[in-house]
Amino acid sequence: MLPQIFSAVAISRVSVWRSYAEISRFVRAAGILNQNRPRNIQYHLGRQCLGNKRTFTSSRITLNHSAPSSTSEILEDFKKSFEFPRLTHEVSALERESPGKLVVLHGYLGTRKDISKHMSFLPLQSKDLSCSVQLISFAHSGDGQDKPAHSKLKTLNSHTPVVIRGVLKARKPAKGDFASGIKMINNVEVDLIDIQPLNKFPKDIIVTSETFFPPEQRHLQIRTNKEIRDALLFRAKVADICRQQLREEEFLEIETPLLFKSTPEGAREFLVPTRTKGLAYALPQSPQQYKQILMASGIPKYFQIARCFRDEDHRADRQPEFTQIDLEMSFAKGEDVMQQIETILRRLWISMIDEKIPESNFPRMSYHDAMSQYGSDKPDLRLGMEIHRVGHLLPVDLIGKIGPLLDPVVEVMNLSVSDNPQESRKFISNFMDSPEAAPFLNNPEGQPGIFVYDLKQPLQGLQPFGFEAAEHVEEILNLKHGDLVVLQARKKAPFAGGSTLIGNLRLALHKAAVATKYIPAPKGFKFLWITDFPLFSPTNGTDPGQGGTAGISSTHHPFTAPKSPEDVDLLLTDPLAVKAEHYDIVVNGVELGGGSRRVHDAKVQEYILRDVLKMSEERLQDFRHLLDVLRAGCPPHAGIALGFDRLIAVMMGRESVRDVIAFPKSGKGEDLLVKAPNLLTQEQLETYHLELKE
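Just so it is clear, the model here is predicted, and its values are computed rather than measured.

What counts, and where the lines are drawn
- Residues numbered from 1 in each chain as written.
- Predicted model: local features only at pLDDT ≥ 70, side-chain atom pairs only at ≥ 80, totals over all residues.
- Heavy atoms only, no water.
- Helix = DSSP H or I, 4+ residues; strand = E, 2+ residues; numbered from the N terminus.
- Buried < 20%, exposed > 50% of the residue type's maximum accessible area, 1.4 Å probe, protein only.
- Contact = heavy atoms within 4.5 Å.
- Areas by Shrake-Rupley, 256 points an atom, 1.4 Å probe, with all protein chains shown as cover.
- Polar contact = N/O pair within 3.5 Å; in protein donor to acceptor, adjacent residues only side chain to side chain.
- Pairing = 2+ DSSP bridges.
- Axes fitted to C-alpha atoms, helices over the stretch in contact; angles between N-to-C directions.
- Patch = residues over 30% accessible without salt bridge, like charges linked within 9 Å, V, L, I, M, F, W, Y side chains within 5 Å.
- Salt bridge = Lys/Arg side-chain N within 4 Å of Asp/Glu carboxyl O.
- Core = buried A, V, L, I, M, F, W, Y, C linked by side-chain atoms within 4.5 Å.
- Phe/Tyr/Trp six-rings, centres within 6.5 Å; stacked < 30°, edge-to-face > 60°.

## What to know about the overall build of the protein
Right, on to step 1. If you tally the helices and strands in the protein, you get 20 helices and 26 strands.
Right, on to step 2. A total of 694 residues make up the protein; the buried ones form 44% of that total.
Right, on to step 3. Of all intrachain contacts in the protein linking residues separated by at least 6 positions in sequence, the fraction that spans at least 24 positions is 67%.
Right, on to step 4. As presented, the protein carries roughly 36500 Å² of accessible surface, and 53% of it is formed by carbon and sulfur atoms.

## Some remarks on helix α16 (residues 602-612)
Right, on to step 1. All buried positions along α16 are accounted for by Ala602, Gln605, Glu606, Ile608, Leu609 and Val612.
Right, on to step 2. In the core, the buried residues of α16 are packed alongside β22 (536-538), β23 (552-554), α15 (565-573), α17 (617-620) and α18 (624-631).
Right, on to step 3. Where α16 begins, the side chain of Asp601 points an oxygen toward the backbone nitrogen of Lys603, at a separation of 2.9 Å.
Right, on to step 4. Looking at the residues trailing α16, positive phi occurs at Lys614, about 60 degrees.

## Quick word on the sheet that holds strand β17 (residues 388-389)
Right, on to step 1. Taken in spatial order, the four strands line up as β17-β18-β20-β19 in an open sheet, and their pairing is antiparallel. In this open sheet, the two strands that pair with only one neighbour each are β17 and β19 (449-452).
Right, on to step 2. Pairing of strand β18 (residues 409-415) with strand β20 (residues 484-490) involves seven bridges; the strand directions are antiparallel. When the bridges of β20 are listed, Met413 appears paired with Val486.
Right, on to step 3. Strands β17, β18 and β20 of the sheet are contacted by helix α13 (residues 467-477), whose axis makes an angle of about 55 degrees with β18.

## Side note on the environment of Leu198
Right, on to step 1. Turning to its location among the elements, Leu198 is positioned in the loop between β10 (188-197) and α5 (218-224).
Right, on to step 2. The exposure class of Leu198 is partly exposed, given its relative accessible area of 24%.
Right, on to step 3. Residues Leu198 and His106, spaced 92 residues apart in sequence, show a C-alpha to C-alpha distance of 9.8 Å.

## Points about the side chain of Thr160
Right, on to step 1. Along the chain, Thr160 turns up in the loop between α4 (148-153) and β7 (161-170).
Right, on to step 2. Thr160 gets classed as buried once you look at its relative accessible area, which sits at 2%.
Right, on to step 3. A polar side-chain atom of Thr160 sits 2.7 Å from the main-chain carbonyl oxygen of Asn157.

## Observations concerning a nonpolar patch on the surface
Right, on to step 1. There is a patch of nonpolar side chains on the surface, built from Leu680, Tyr688, Leu690 and Leu692 and spanning about 370 Å² of accessible area.
Right, on to step 2. In this fold, Tyr688 is placed in the segment after α20 (682-687).
Right, on to step 3. Residue Tyr688 is classed as partly exposed on the basis of its relative accessible area, which comes to 31%.

## Section: the sheet that holds strand β26 (residues 637-643)
Right, on to step 1. If you walk across this open sheet you meet the eight strands as β11-β14-β15-β26-β25-β24-β21-β16, and the pairing is mixed. On the outer flanks of this sheet lie β11 (252-253) and β16 (364-366), each paired with one strand and no other.
Right, on to step 2. As defined by bridge partners, β16 adjoins strand β21 (residues 527-531) across three bridges and the pair is classed as parallel. Bridging across to β21, Ser366 finds its partner in Thr531.
Right, on to step 3. Helix α7 (residues 288-296) rests against β14 (301-309), β15 (321-330) and β26 of the sheet, and its axis sits at about 20 degrees to β15.

## So, the side chain of Ser366
Right, on to step 1. Tracing the sequence through the fold places Ser366 in strand β16.
Right, on to step 2. Judged by its relative accessible area of 16%, Ser366 is buried.
Right, on to step 3. At 3.1 Å, the side chain of Ser366 forms a polar contact with the backbone nitrogen of Asp369.
Right, on to step 4. Among all residues touching Ser366, those that are not within four sequence positions of it are Ile530, Thr531 and Asp532.

## Let's talk about the pattern of salt bridges
Right, on to step 1. The full count for this structure, using the stated rule, is 33 salt bridges.
Right, on to step 2. A salt bridge links Arg364 to Glu342; the nearest nitrogen and oxygen atoms lie 3.9 Å apart. Placement of Arg364 in strand β16 and of Glu342 in helix α8 (residues 334-353) is noted, with a sequence separation of 22 residues between them.
Right, on to step 3. Its relative accessible area of 0% is what places Glu342 among the buried residues.
Right, on to step 4. Between Arg490 and Glu411 there is a salt bridge whose closest N-O contact spans 3.1 Å. Taken as a pair, Arg490 in strand β20 and Glu411 in strand β18 lie far apart in primary sequence, 79 residues in all. Residues Arg490 and Glu411 agree in their burial class; the two are buried.

## A few points about the pairing of β18
Right, on to step 1. When you tally the buried positions in β18, you get seven out of seven residues, the bulk of the element.
Right, on to step 2. Going residue by residue along β18, you find Val409, Glu411, Met413 and Leu415 tucked away on one face and Val410, Val412 and Asn414 tucked away on the opposite face as well.
Right, on to step 3. Sheet analysis places β17 next to β18, joined by two bridges and oriented antiparallel. Each residue of the ladder has a partner; that of His388, found in β18, is Val412.

## Quick notes on the nonpolar core
Right, on to step 1. Counting 41 residues, the largest nonpolar core has Val238, Leu327, Leu345, Leu348, Leu592 and Leu647 as its most contacted members.
Right, on to step 2. Elements that contribute at least two residues to this core include exactly α6 (226-248), β14, β15, α8, β21, β24 (582-587), β26 and α19 (644-652).
Right, on to step 3. For Leu647, the contacting residues outside a window of four places in its chain are Val238, Ile325, Leu345, Leu348, Trp349 and Leu592.

## Details of α19
Right, on to step 1. Burial of α19 is extensive: seven of the nine residues sit out of reach of the surface.
Right, on to step 2. Along α19, the residues classified as buried are Phe644, Asp645, Leu647, Ile648, Ala649, Val650 and Met651.
Right, on to step 3. Looking at the buried residues of α19, the elements they touch are α6, β15, α8, β24, β25 (590-597) and β26.

## Some words on the packing of aromatic side chains
Right, on to step 1. With the rule as written, the count across this model stands at 10 aromatic pairs.
Right, on to step 2. Three or more aromatic residues link up through ring pairs in this structure, and these residues are Trp349, Phe362, Phe525 and Phe527.

This is the structure:
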C-alpha cells in the first residue's frame, strides 16, 4: 500500500519533501493511519533531500499514535505547568559551583543514552541552547528505594522543556569542551532527583544533525541551527553598541510613526486602508520626513533603529520590511554625518570583529570615477581589476567585431586566473558556457571580447589590437603571462544607475574564479565613501520616481540638496548636470547606507518639486506639511541611514540578509511560517470599502 500512496504524492505534489516531519504530517492528513490500522507503525523510506544535497537512505519514521487524551486530561496537564520551581542556577554557571550543592535548573532535554534499564545519561541544554550539563539518572536511590524521576524521564522525548532538581557531582571531564557547537560543562554533572516537564515535544518532529527544516518551520530552524541563533545574538549586540555610541554623542532616540501618509519619495509604498471610505495610511519607506520635522522642532541630534517598508519588485536579497539605523543632525553638513558614521563603524569592528580600522578618514571617490574605474557605484576595492577606456586606440575593425554601436565607449580590464594560458582558456571557456554568462552574451550593445595574454604568441596574443594599442594595454594593465584581457563596448552617454555591463562582468568573472579555486577569496574590509552623485536621473520604466512630468526624478529622494552654489545655479539651466551632496558608505562591494544634506529652505524645496520635477499641484500638496515646517525657520541639516540587516550580514560574512533576520520574507515577499500575506475576506473588503479587480 505505501509505495502506491507515495506514487500518488509524487504526482500531486511537485515540491521535494524537506523534512521527516513534513512526510509524517502528510501521512496522517492523507488518512494513511486510521482506526482499522495498528497503532504502532514503522516505515522505512529512502529519500534524497535536494535542499542541502544530503542523501538519506533506510531512514526510519516511527508514527506512534496513542489514543487521544480527553479534554479534562489536556487541561489538567496544562494546569500543572502554571506552577514550577524557580531556577537556582543557570546551566552556564554550574562550572563555578562545588559538588554536593542542590540545584534547580531550567532547560531542554537532549538525547538520552540508557546504559541499562537502571541507569541513563543525557544532556540538559540551557534555555538559550548555548551550553549543556550532563544529567545522570538512576532507577533506585542508594538505599534501594525506587526513584520516580527515572521512570518519568524515560517517558519524555528529546527537546522537551523541563525543570530539573538534582545534586551536583564531580565528573571525569569529557574529551572535548564542545559537542555540536554547544559548550559542555565538564567538571560537574547533575544527579537527578526530580523532573517536571513543562510541555511535550512530539515524536513526529524528527531532529538529527542531518535534518533539514524548510522556511515553513522557521521556529525549528532557529531552535536547531546555532548559526541563526548566533546571528540574532550578534545583531542584538551591534544594536546595543550603536545605541551606546550615539547616546555618548548626545543623539536622542525618538520613535517616529509607522502609520504615515502616501508621498511620492521614489519607492512604492504599502497602503493601510481605514474604515473611513477612501482614506488610507501608508507605511513609511523611511523616517525621512519625520526626522526633518524633528530638525525644525529644535532637536539637534536624532537617531532611531527604525522599521521601514517598501513594496519593491522581487529582487535577490531584498526584504519588503527592513531595519535601518537612522540619524539626523541640525546645523550640520554631510562631512559631520560622515565623521559620525566612521566613528560608529570603527567601534563596531573593534568590538565585534576584533579588527581595527585605521583612524584616518575613509577614502572618497566620486560616483563618476567609481563607475568609470569599476563599473559600479559600490565597488569592491579588494578585487583590483580596474577598468580603462581604450576605444580611441583600437582599430576600427576590432571595434566593429565586438559590437554593433557606431561610436561606442570601449573599455578594458584584466583578470589573473593562472600563469598557464591553457588554464586561463579553460576557465573562460567554461564561464562563457555557463548560465552566468547569458546576460553578457545577450547584450544588445555587443558581447565581450576576451583574449589570453600569452608571451609565446605573436604580439602576446593581442594581435587584433594592433601594435600601439597592445603596447598601451600591456602597460596600463601591467599584464602577466596567462592574464585574461576583456574588452566591452557601451553607448557613449553619461553614467546612470548603479552599474555598467563591464562592471557586472568584472564581478561575475571574479566570483567564478573564486568558486573554481583559481584565485583565493578576498579577505579583510575596505571602506569607501561614494560622493558627488547626480541630483537627478532620467526617469526609467522600473522605479516610480516622484511622479513628475519633467522626464527626470530624484536620484536619492527629492529632499537632497545640491552640492555647491554652482550646482544651485544649474537647477535653472541643466538639472541633469547638478551634483548632490549625497554620500554612500560602501564596504567590500556592499552599500551599507546612504545619506545627504537636505534642502532646508521651503522656497527652494518647492521650486525643485514644482519647477524641476514638474509635479502636479495635487502631488505637491502631499508635501505641504513639510514645506510649512521648513518655512518655520528650519536650520541646515544632514543625515544618513545605514541598512542594519545588510550591516550585520557583512560583519558576519553571511551571503544573504535572510541569514541574519529572525523571520525573513521569501523572495516572493511571503512569510512562509505564518502564511502572510493572506487573502482578504469579504467582510474585510466591506469594512474597508475595498473591491477586488481582475
